[in-house]
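Here is how the chains run, residue by residue.
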Amino acid sequence: MTAARTPAQVLLESRQRDSQEKRARVMSTVDAMKAKGETITFLGVARAAGVSNWLVYSAGMREYIEEARKGQAGTKAREKTSGGRASAASLATDLELARAELAAVREERDRLKDAVQRHLGQQLHQTGAKELAARVNELQAANKELEGRLAASEADRRGLQDALQETQDDLIAVREAMRNMMREQNRSS
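In what follows, the accompanying structure is described.

Thresholds, definitions, all that
- Residues numbered from 1 in each chain as written.
- Predicted model: local features only at pLDDT ≥ 70, side-chain atom pairs only at ≥ 80, totals over all residues.
- Heavy atoms only, no water.
- Salt bridge = Lys/Arg side-chain N within 4 Å of Asp/Glu carboxyl O.
- Helix = DSSP H or I, 4+ residues; strand = E, 2+ residues; numbered from the N terminus.
- Axes fitted to C-alpha atoms, helices over the stretch in contact; angles between N-to-C directions.
- Parallel < 35°, antiparallel > 145°, perpendicular 65-115°, else oblique.
- Left-handed = near helix turned anticlockwise from the far one by under 90°.
- Contact = heavy atoms within 4.5 Å.

So, the pattern of salt bridges
Oppositely charged side chains are able to pair whenever their charged atoms sit close together.
At step 1: Using the criterion set out here, one finds nine salt bridges in the structure.
At step 2: For the salt bridge of D110 with R109, the shortest nitrogen-to-oxygen distance reads 3.2 Å.
At step 3: A salt bridge links R179 to E176; the shortest N-O distance between them is 3.0 Å. Note that R179 and E176 are positioned in helix 6 (residues 129–188) at a spacing of three residues, about one turn of the helix.

See below:
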């Protein structure tokens, strides 16, 4: 016959079971992120697993996540040497260059649009309807090309902004981890 459990034992068993479930959820989240090729960060794992930041930095979990990050770092290092991945500073620079190029393309588009309008008015008096239609088609094609370049620059800018945001999230997570480690060190001192 088993002895009756005290409320403290029931609570302890419940907390242990809850802790094991959360730890398993963190590990499966890390494995899923690794399989998808997503960047593994402590903050990202905590958010995706729906657990506290403290848990992902706890003993056992921290090592598991760091090991997964090291595996990604090896992959990223190979990508970097092959030119597949850029640093945060490089991405920020690329973002600024894309913004400058976008501004230049917009300015060029506006300038060309004004020039086309002026020249079109002049050509109306000088050319026939056939020549005018051909010129309009040519100008529309040039306009579409510029619109395509503008859309590509916008897409590059968005991608660079996303990469910059991810880097900033990593920095926030590292700062939070440092604060937690300092608190733990102060408590144990």
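Once you've had a look at it, read on.
Description of the packing of helix 1 (residues 7–36) against helix 2 (residues 42–49)
At step 1: One can describe the packing of helix 1 onto helix 2 by two numbers: an axis separation of 9 Å at closest approach and a directional angle of 115°. Judged on the interaxial angle alone, helix 2 and helix 1 are roughly perpendicular. The handedness of the crossing between helix 1 and helix 2 is right-handed. Residues R25, V26, T29, V30 and M33 of helix 1 touch helix 2, and the partners they reach there are G44, V45, A48 and A49.

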